[in-house]
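Listed here are the chains, written in short residue letters.
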Amino acid sequence: MSATTFDPLKLLISRIYQKDAHVFAIEWADGRIYDYRLSDLQKNCPCARCRDEKTGRPLALPSSIDSGLQAVRIYNLGRYALRIEFTNGCSRGVYTFAMLREWGKLG
Amino acid sequence: MLDREICKERAENLKNVRFVIGVAAGKGGVGKSTVAVNLARACMRQGLRVGILDADIYGPSLRQMLPEETPPAKHPSLPERIVPAVGCGIKMISMAYFCESHAATAVRAPFANGVIAQFLQKVDWDELDILFIDFPPGTGDIQLTLAQESRINGMVIVTTPQEVALLDVRKAIHMCHQMAVPILGVLENMSYWQDPATGQKLHLLGQGGGRILSAETGIPLLGEIPMEPALSQSADRGEDIFSTAPECLAAEVLMQASRKIGHHLTGLEQMEGQYLKNFELIWK
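K.L.:
Can you walk me through the overall build of chain A in this structure?
P.N.:
Assigned secondary structure in chain A consists of 2 helices and 6 strands. Relative to the compact-globule value of 13 Å for 107 residues, chain A shows a C-alpha radius of gyration of 14 Å, a close match. With the principal axes as the frame, chain A shows a C-alpha extent of 40 × 35 × 25 Å. Per-residue burial over chain A gives 43% buried out of 107 residues. Within chain A, contacts between residues at least 6 apart in sequence are counted, and of these 37% link residues at least 24 apart. Here chain A displays about 5,600 Å² of accessible surface, and carbon together with sulfur accounts for 48% of that area. Side-chain charges of chain A comprise 16 positive and 11 negative groups, with the mean position of each set lying 3 Å from the other.

K.L.:
Would you explain the side chain of B:Ser234 in this entry?
P.N.:
Residue and element names in this part refer to chain B. With respect to the helices and strands, Ser 234 occurs in helix α7 (residues 229-237). Judged by relative accessible area, which is 3%, Ser 234 ranks as buried. Side-chain polar atoms of Ser 234 contact the backbone oxygen of Leu 231, separated by 2.8 Å. Contacts of Ser 234, omitting those with residues within four sequence positions, involve Glu 239, Ile 241 and Thr 244.

K.L.:
Please explain the interface of chain A and chain B as it appears in this structure.
P.N.:
How large an interface is tends to be reported as the accessible area lost when its parts come together. Between chain A and chain B, the residue contacts involve 34 residues of the former and 38 residues of the latter. Both faces considered, chain A and chain B share a buried interface measuring about 3,100 Å² in area, 62% of it formed by carbon and sulfur atoms. Our count for the chain A to chain B interface comes out at 1 salt bridge. Among the salt bridges present, the one from A:Arg73 reaches B:Glu280, with a minimum N-O distance of 2.6 Å. One can count 13 residue pairs in polar contact (both at pLDDT 80 or more) joining chain A with chain B. With 7 residues, strand β4 (residues 71-77) of chain A is the largest single contributor of residues to the side of chain A that touches chain B.

Cut-offs applied
Residues numbered from 1 in each chain as written. Chains lettered and ligands numbered in written order. Predicted model: local features only at pLDDT ≥ 70, side-chain atom pairs only at ≥ 80, totals over all residues. Heavy atoms only, no water. Helix = DSSP H or I, 4+ residues; strand = E, 2+ residues; numbered from the N terminus. Rg over C-alpha atoms; globule rule 2.2 N^0.38 Å. Buried < 20%, exposed > 50% of the residue type's maximum accessible area, 1.4 Å probe, protein only. Contact = heavy atoms within 4.5 Å. Areas by Shrake-Rupley, 256 points an atom, 1.4 Å probe, with all protein chains shown as cover. Lys, Arg positive; Asp, Glu negative; His and termini not counted. Charge placed at Lys NZ, Arg CZ, Asp CG, Glu CD. Polar contact = N/O pair within 3.5 Å; in protein donor to acceptor, adjacent residues only side chain to side chain. Buried area = accessible area lost by both parts, 1.4 Å probe. Salt bridge = Lys/Arg side-chain N within 4 Å of Asp/Glu carboxyl O.

Right, dumping it as structure tokens:
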């Protein structure tokens, strides 16, 4: 734990916008822009209903997630995470900005 | 820049509050409420409009330290809204207004969270420069709610000098890191007692906890508050230490800490100004 390496200002969001029916983009404070497909996020949903309690692995098979999945609403939780209300009813996942940055880098 | 075409600012109760500052420790008994009340009083003396939200549902102490001139009330025209109490010009809300002073608030976490959510969403704070949130001890459900529902600009971490206190305080710092809440500084309370006759400092609870935390995390040390009867008496009597004993060292340390916090917040505000704060994207 070190505050010298921890900088919450790196995880600020400049813009968030819908690109098409299934993808949104985040522009981060450092100018990097990453795209996020909703079905990919749902496959990795961190909420208790989507994860095995013991192993932490996703409960649903990736192939069972509709690639055309959409969202109802996306909003911030405090200054550290997004909550996504998916059209399939899942809405409890806390997608931290740190997690989204890492996933964005992976493309 | 907020693009109103594609993403809108969320309606938010605290939108007219310039800064929200948490006062936390992770641990009980280090003097969080004393620090929160006196930082609020110090900021008030600097001409700022200040409020305090006492988030300690199970052990609220705000009312004793800062007696109200007007109690909280229903909003005259909006029945769901709460007008906060006011004492010495500071707006306040606390569970203490809604239960007997001797009665335990034995409620489960969902109820406690509901109360906190109401304090954040239904209290009519109007325009404030700073809202202090006096965090309860621990790093659990209520702390998560506070971090999610109020966009905290910065946290003041309170500790006492001994190593045992640091165990819990480190957890509070880690929680701030997880929630991406900037830490404004560490304020060490009960640092020492100074013998008025000899001037010798006695470190009754150990020495240097705040400095150790500061050194290992890089978080600035905002000050070391000595044990002084004037401080505990002012809290017990609901008096303003900056009026009753302005010359005492504790008052001086707290006033200096409030100035450092103000300086730090101004810097943060400049850096954060261009980024999104509370937003929602409605899917089309």
